[in-house]
Structure formats: C-alpha cells, structure tokens
Protein chains: 2
Amino acid sequence: MELLLKPLQDLVDKFRSLDGVGKKSAVKMAFSVLNMSEDDARIFADSIIAAKTQLGICDCCQNISVGNECSICADDTRDRSIICVVEDARGVMALEKVKEFKGVYHVLHGTISPMKGIGPDQLKIKELLARIEREDVKEIIIATNPTVEGEATAMYISRLLRPFEVKVTRIANGLPVGADLEYADEVTLYRAIQGRRDI
Amino acid sequence: MELLLKPLQDLVDKFRSLDGVGKKSAVKMAFSVLNMSEDDARIFADSIIAAKTQLGICDCCQNISVGNECSICADDTRDRSIICVVEDARGVMALEKVKEFKGVYHVLHGTISPMKGIGPDQLKIKELLARIEREDVKEIIIATNPTVEGEATAMYISRLLRPFEVKVTRIANGLPVGADLEYADEVTLYRAIQGRRDI
C-alpha cells in the first residue's frame, strides 16, 4: 500500500504548500476534510475560489479590498497626510486592531530580499512615490517588520524619499510590554536604550 | 473597517474548522491562498472535492479506500487471521510505516466518548464482530491510543469478544525508545514495570 491514497496525498500536498503548514498538520487537515460532509467540503472549496476571485487590490494603498478602493481609503475621516507603509495586508490588520492610527496605509506586498530574488521593482514602491507626488503627504511612517529584510526595505525607502518634502519616521524598537530584561536579546536591548525617552 | 473582509473571513473560518488549526495559522493559510495564482487556488479547491468524492470506505476493514476494497484487504500476502483494531485511518498509516505487521486492520472510526456523545453504536464495532463470525480469525490486537477513551474502547471491545474463540491482545505501554526515566510520567513508568519482559 502506498502510504497515502493519491487523492489524499494530493490534498496533503496542497495544504503543505500553505504558509506555515508542516507535514503532520497537513495530514491532520486532510483527514478533517474527509470527516466533513460532502456539502461542507464543497463550501470549503467554494470559499477558496471566492476569496481568490472576489478580493482585489486597492488602487490607492494596494491593500486587499473588495472592488478598486479599500474601506480605509474610502473613509473620509482618515487623515490622508500620514501614510503608514507596511509589508503586507496582515500589517494593516495588526495596526487597525490598535485603533490608534488615524492615517492611511500603503502595502508593499513584500520586502526587498536578494535571497528570494525580490528586488524593489517587485514591491509597490513606485505606487507609493506616485501617491506622494499626487497627494499632500506630511509624514511617512515606515512600519516594515524589524527583520533584516524589513530594515533593509525601510532604509531603501527612506533614501528614496529624501528628495521629497516629507517627514519619514520608523516605528520604535524596544522591549515588548510585559517582557523581561533578562530574556531580551542584545540587539533589542541596545535599541531600547538608544530609543529611550524622557518620562 | 471590519478587521477581515468577508470572503477572507469566510476562508479563515473554514481553515479554523480543520483539526488542530488555530486562529493565527488560519489567517496565515488564508493569506497564502490570496498569494496563489487563480489556477492554483482552483486546483486546491478541486483537490478538496476530489479527496472527498473519490475516497470511500473499505467494505471489509472500514479503512479509507478508492473503491470498495482497500489495498491491504486486496493484498493476498496479508495474514487475514490477525486483525489489528485501530481508531482511525491514521493509525493504519502509522503501523504500516513500521513494515512489521503482516495481518489486516479494522478501523473503528473513533472511540467511545460519552463527553462527545459517541457510543459504541457509532463505531464500526458490529462490522468487526461480523468479520470474526465470517472469517477464521485467530488474534485481535487492539491498538487504540493509550488515552482514557482509547483504553475504555479497548476494554469494551475485549469484553464483547469474550464469547468468541479468539485471542485478544493489547499493544504494550511503556517508555518510548530514547526516553528518559526522569521525565516519564508515573502511569507510564508503572505500566513499563508491569509489562517488564525477560531478557
């Protein structure tokens, strides 16, 4: 007996191709599908197609949206003079949860990563520049992740923005709230000291 | 803005309904789908339907199969006088990987679990009894998991099988190979001592 029957193996392979799914989880998920009713399996399959076909990208901020304009760009109460630049739509979600930021976003759809063969041209950077030229933008907050790629992308964009009359800022590095000095890594601690503020 | 757009939230909910998938993983997977090409998304959706519609249950051992007979039951070299009883098809897969067991299987499709409202009637126990009556079975190895439900199911089946002239055995409990006495729980250690063998 081949260890998994072909239709099952195919499904396991599909689950494995998703971000962050390992072999054991993929098998577990495939068996969950087998335990579904046929109707539920069809609804699941349809929801994949629906998400893929109904969702597009906002013409302005490049965030995922239903239609050509996302709900944030369509919202008149948001401050269009502050643009927060994030790597992906998940960044927008994370920041929107905080309910603190009242500006608008720009989604890059990735970071510069020579290892993965992703250069600046594959990111939505020229769309950002076009927005700055077109609109009255006062501040760009670069909120890419504090990883090697995220930092490199932040540096690259900040350099590109120098000719424009716009304030460019970067979100702070430091200790997460609730953390312990003892367990913090040296780079984070160093940045926390560098970024110290008056109290 | 609602935190997730409806088609995306629907897809996240579908992923979350799968076994062992939490909220963050579900969101990650849904975004993976958005990053697929439309063709790949369609292939993924099709593989769900294919797995669900092409796979059935073996008439004999109740294992998942393409058609009415699984490849193990169809294999003439397997010893039909020894039946290994497992909870689900994953149990068959795990035991087949060992390449040691040459008998056949019987898949119960669950365990007795009053908490989940699963009684003996919902399991494939009567199919097992019918096999024993119909075929010349010498040994039944009960290989349900060593959990509360698995043990209860093993006890229940072993009692049901008393009237039959068949040897009933249970897979051994003990220390996993490579484990450390210091970190083993008391019940496992107790069973390991009880199940000690001459060397």
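Residues numbered from 1 in each chain as written. Chains lettered and ligands numbered in written order. Predicted model: local features only at pLDDT ≥ 70, side-chain atom pairs only at ≥ 80, totals over all residues. Heavy atoms only, no water.

Asks: I'd love a proper account of the interface of chain B and chain A, names of residues and values included.
Replies: Of the residues lining the interface, 49 residues belong to chain B; the matching set on chain A comes to 49 residues. Counting the surface lost from both chain B and chain A, the interface buries some 4800 Å², and carbon and sulfur atoms represent 80% of this. In this assembly, chain B and chain A are joined by 0 salt bridges. Taken together, chain B and chain A are joined by 6 residue pairs in polar contact (both at pLDDT 80 or more). Looking at the side of chain B that touches chain A, the elements with two or more residues in it are helix H1 (6–16), helix H2 (23–35), helix H3 (38–54), strand E2 (64–66) and helix H4 (89–98) of chain B. Broken down by element, the residue count for the side of chain B that touches chain A peaks at 14 residues, all from H3(B). (Contact = heavy atoms within 4.5 Å. Buried area = accessible area lost by both parts, 1.4 Å probe. Salt bridge = Lys/Arg side-chain N within 4 Å of Asp/Glu carboxyl O. Polar contact = N/O pair within 3.5 Å; in protein donor to acceptor, adjacent residues only side chain to side chain. Helix = DSSP H or I, 4+ residues; strand = E, 2+ residues; numbered from the N terminus.)

Asks: Tell me about the sheet that holds strand E6 (residues 167–170) of chain A, and name the residues and values.
Replies: All names here are of chain A. Ordered by their spatial adjacency, 4 strands build an open sheet running E4-E3-E5-E6, and the pairing between neighbours is parallel. Each edge of the sheet is formed by a strand with only one pairing partner; in this case those strands are strand E4 (103–107) and E6. Going across the sheet, the axis of each strand differs from the next one's by a mean of 25°, ignoring polarity. Against the sheet, helix H4 (residues 89–98) touches strand E3 (79–86) and E4, its axis set at about 155° to E4. Together, E3, strand E5 (139–142) and E6 form the strand contacts of helix H6 (residues 148–160), whose direction differs from that of E6 by roughly 170°. (Pairing = 2+ DSSP bridges. Axes fitted to C-alpha atoms, helices over the stretch in contact; angles between N-to-C directions.)

Asks: Give me the confidence of the model for chain A: which residues, what numbers.
Replies: Averaged over every residue, the pLDDT of chain A is 91; residues scoring 70 or more account for 98%. If you check the scores for this complex, the pTM reads 0.77 and the ipTM reads 0.78. (pLDDT = per-residue confidence, 0-100.)

Asks: Can you tell me about the nonpolar core, naming the residues and giving the values?
Replies: If you look at the biggest cluster of nonpolar residues, it comprises 52 residues, and the most contacted ones within it are A:Phe15, A:Phe44, B:Phe15 and B:Phe44. Counting residues per element, the ones that place at least two in this core are helix H1 (6–16), helix H2 (23–35), helix H3 (38–54) and H4 of chain A together with H1, H2, H3 and H4 of chain B. Grouped together as the second largest cluster of nonpolar side chains are 31 residues, A:Val86, A:Ile140, A:Ile142 and A:Ala154 included. (Core = buried A, V, L, I, M, F, W, Y, C linked by side-chain atoms within 4.5 Å. Buried < 20%, exposed > 50% of the residue type's maximum accessible area, 1.4 Å probe, protein only.)

Asks: Provide a residue-level description of the pattern of salt bridges, including the pertinent values.
Replies: Applying the stated rule across the entire model yields 15 salt bridges over all chains. In this structure, the salt-bridge partner of B:Asp10 is B:Lys6, at a minimum N-O distance of 2.8 Å. Here B:Asp10 and its partner B:Lys6 are both found in helix H1, 4 residues apart, which amounts to about one turn of the helix. A residue is classified by how much of its surface remains accessible, and B:Lys6, at 57% relative accessible area, is exposed. In this structure, B:Glu151 engages B:Arg191 in a salt bridge whose closest nitrogen and oxygen atoms are separated by 3.4 Å. With B:Glu151 in helix H6 (residues 148–160) and B:Arg191 in helix H7 (residues 186–194), the pair connects residues that are 40 residues apart, well separated along the chain. What you see here is one network of salt bridges that share partners, running through A:Glu151, A:Arg170 and A:Arg191.

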